[in-house]
Structures are given as C-alpha cells and as structure tokens.
Amino acid sequence: SNSRNYTKALTTSALMIALAFILSNIKLFEMPQGGSVTLFSMLPIVLLGYLLGTRWGVIGGGVLGLLNLLMGGYVIHPVQLFIDYILAFAVMGLSGLVRNKKNGLTIGYIIGIAARYVCAVLSGVIFFGEYAPENFNALTWSLWYNITYIAVEGLMTIIVINIPAVKNLFNRLRASLEN
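What comes next is a walk through the structure. Model, not experiment: these values are computed from the prediction. (Residues numbered from 1 in each chain as written. Predicted model: local features only at pLDDT ≥ 70, side-chain atom pairs only at ≥ 80, totals over all residues. Heavy atoms only, no water.)

## Regarding the environment of Ile 159
Next up, step 1: In this fold, Ile 159 is placed in helix 6 (residues 138–161).
Next up, step 2: Along the sequence, Ile 159 and Thr 106 sit 53 residues apart, while their C-alpha atoms lie 9.4 Å from each other. (Helix = DSSP H or I, 4+ residues; strand = E, 2+ residues; numbered from the N terminus.)

Spelled out as structure tokens, the structure:
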C-alpha cells in the first residue's frame, strides 16, 4: 500500500510538472524584461500541493523551476538563479499548508502565488533594480512590474478554480488520490 501511494504521488507529480511546463509556454502576454501571463501555468504546482501536501508541492515546484532554467533561463548570479528559478517555483507548493481548510485550493493558490511574487520582487530589487525607469526606486519598480503579470494570471485562475464544476473536479481528484 505504501509503495502504491508513493507511485501515485510520483506519477501525479510528474504529470503536474509536465502540465505546468507546457502551460508556461502558452503565453498570453510577455513582459519586456521577463515574466509573462500564461495559460494557468502556476495552477498545476499549487494543485500538487493541494492534492498531495506541502512536501510534494515544494519539491514539484523546485523541479519545475530547474526545468525552466534548463530550457532557457536567464542567470546573472548564482543567488539570482536560486531565487528566480528554484525558490520562486518551490514556494508555490506551500499551497499544501491549507489543503484541509475550507476553500483550501483558493487560499493555497493565493499563498503560493504571493510567495512567488515575494521572490520575484526580491530578485528584481537585488539583481534588476538598475533597469527601473526614472522616478522609480528599485523596490517600487519591482513591486509594480511583478504584480502586473502575476496578479493578472492569478485573478484569471482564481475565477476558474471557483467555478463549481471545476472545484468539484479538483475535490474528487484529491479524494481519489487519498484512497
């Protein structure tokens, strides 16, 4: 039974990572200095945390970040690599922290993308602040720049995951993985 559960979790993780990677390449809008609004690409990792728990979500997010790095990352410093790719994607798996709460997926999604936003802002201030336009300091610019693409995708996703049929589907999927 333990081996079967591990195999289910590993298979689910691989599928969610692959789905997130594919969706991240369907860009609805691309920002000029990096970042983009994609077709729900943050959802599979957040969903992984919701379905299997924080550990699986964080690991899955970290793997997705490494995959994104390998397939065309932009690195100027090793710490920036860690913040922008490994940490920023791994923290989306923190959605698992509230998986057993009422509206756990929605709350977890907000936690996951807010944590990713913090990583993006931190990286923007430390490593890309010099690109801030006149009349903006690095922090203000990073806050505004990163919210533009993360919030748009976040709002679209929150609307979709709260459609009753979609919400029911994810709850049934979670129940089937727990059996």
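Moving on from the model shown.
## Some details on helix 6
Next up, step 1: The end-to-end C-alpha distance of helix 6, which contains 24 residues, comes to 34 Å, matching closely the 34 Å that a straight helix rising 1.5 Å per residue would cover.
Next up, step 2: For helix 6, the side-chain oxygen to backbone nitrogen distance between the N-cap and Leu 139 is 3.0 Å, and the N-cap itself is Asn 137. (Expected span 1.5 Å × (residues − 1). Polar contact = N/O pair within 3.5 Å; in protein donor to acceptor, adjacent residues only side chain to side chain.)

## Details of helix 3 (residues 54–70)
Next up, step 1: Between its first and last C-alpha, helix 3 extends 24 Å over 17 residues, near the 24 Å set by a 1.5 Å rise per residue.
Next up, step 2: Along helix 3, the residues that are buried comprise Trp 56, Gly 57, Gly 60, Gly 61, Gly 62, Leu 64, Gly 65, Asn 68 and Leu 69.
Next up, step 3: Among the structural elements, helix 1 (2–24), helix 2 (43–52) and helix 4 (78–90) are those in contact with the buried residues of helix 3.
Next up, step 4: Looking one or two residues past helix 3, Gly 72 carries a phi angle of roughly 135 degrees, positive in sign. (Buried < 20%, exposed > 50% of the residue type's maximum accessible area, 1.4 Å probe, protein only. Contact = heavy atoms within 4.5 Å.)

## Focus on the environment of Leu 48
Next up, step 1: Its place among the elements puts Leu 48 in helix 2.
Next up, step 2: Owing to a relative accessible area of 0%, Leu 48 belongs among the buried residues under this scheme.
Next up, step 3: Spatially, the C-alpha atom of Leu 48 lies 18 Å from that of Arg 4, the residues being 44 residues apart in sequence.

## Focus on the layout of surface pockets
Next up, step 1: In this structure, the largest pocket encloses a volume near 1100 Å³.
Next up, step 2: Looking at the largest pocket, it is lined by 41 residues, and the ones nearest its centre are Gly 34, Gly 35, Ser 36, Tyr 85 and Arg 116.
Next up, step 3: Listing elements by their share of the lining of the largest pocket, those giving two or more residues are helix 1, strand 1 (27–30), strand 2 (36–38), helix 3, helix 4, helix 5 (104–127) and helix 6.
Next up, step 4: The dominant element in the lining of the largest pocket, judged by the number of residues it contributes, is helix 6, at seven residues.
Next up, step 5: Partitioning the lining of the largest pocket into residue classes produces 20 nonpolar, 16 polar and five charged. (1 Å grid on protein atoms, 1.4 Å probe; cavity = no way out; pocket = protein on both sides within 12 Å on 5 of 7 lines; lining within 4 Å. Points joined across faces, edges and corners; volume = space filled by probe spheres on them. Nonpolar A, V, L, I, M, F, W, Y, C, P; charged D, E, K, R; others polar.)

## Things to note about the packing of aromatic side chains
Any two aromatic rings considered together are summarised by their centre-to-centre distance and by the angle between their planes.
Next up, step 1: Summed over the entire model, instances satisfying the criterion amount to six aromatic pairs.
Next up, step 2: Each residue in the set Phe 136, Trp 141, Tyr 145 and Tyr 149 is aromatic and connected to the rest through ring pairs, giving one cluster.
Next up, step 3: Here the basic side chain of Arg 174 rests over the ring of Tyr 50, its NZ or CZ set 5.0 Å away from the ring centre. (Phe/Tyr/Trp six-rings, centres within 6.5 Å; stacked < 30°, edge-to-face > 60°. Lys NZ or Arg CZ within 6 Å of the ring centre and 35° of its normal.)

## Considering the environment of His 77
Next up, step 1: Relative to the helices and strands, His 77 resides in the loop between helix 3 and helix 4.
Next up, step 2: For His 77, a relative accessible area of 35% translates into the label partly exposed.
Next up, step 3: Separated by 3.0 Å, the side chain of His 77 and the backbone nitrogen of Val 79 make a polar contact.

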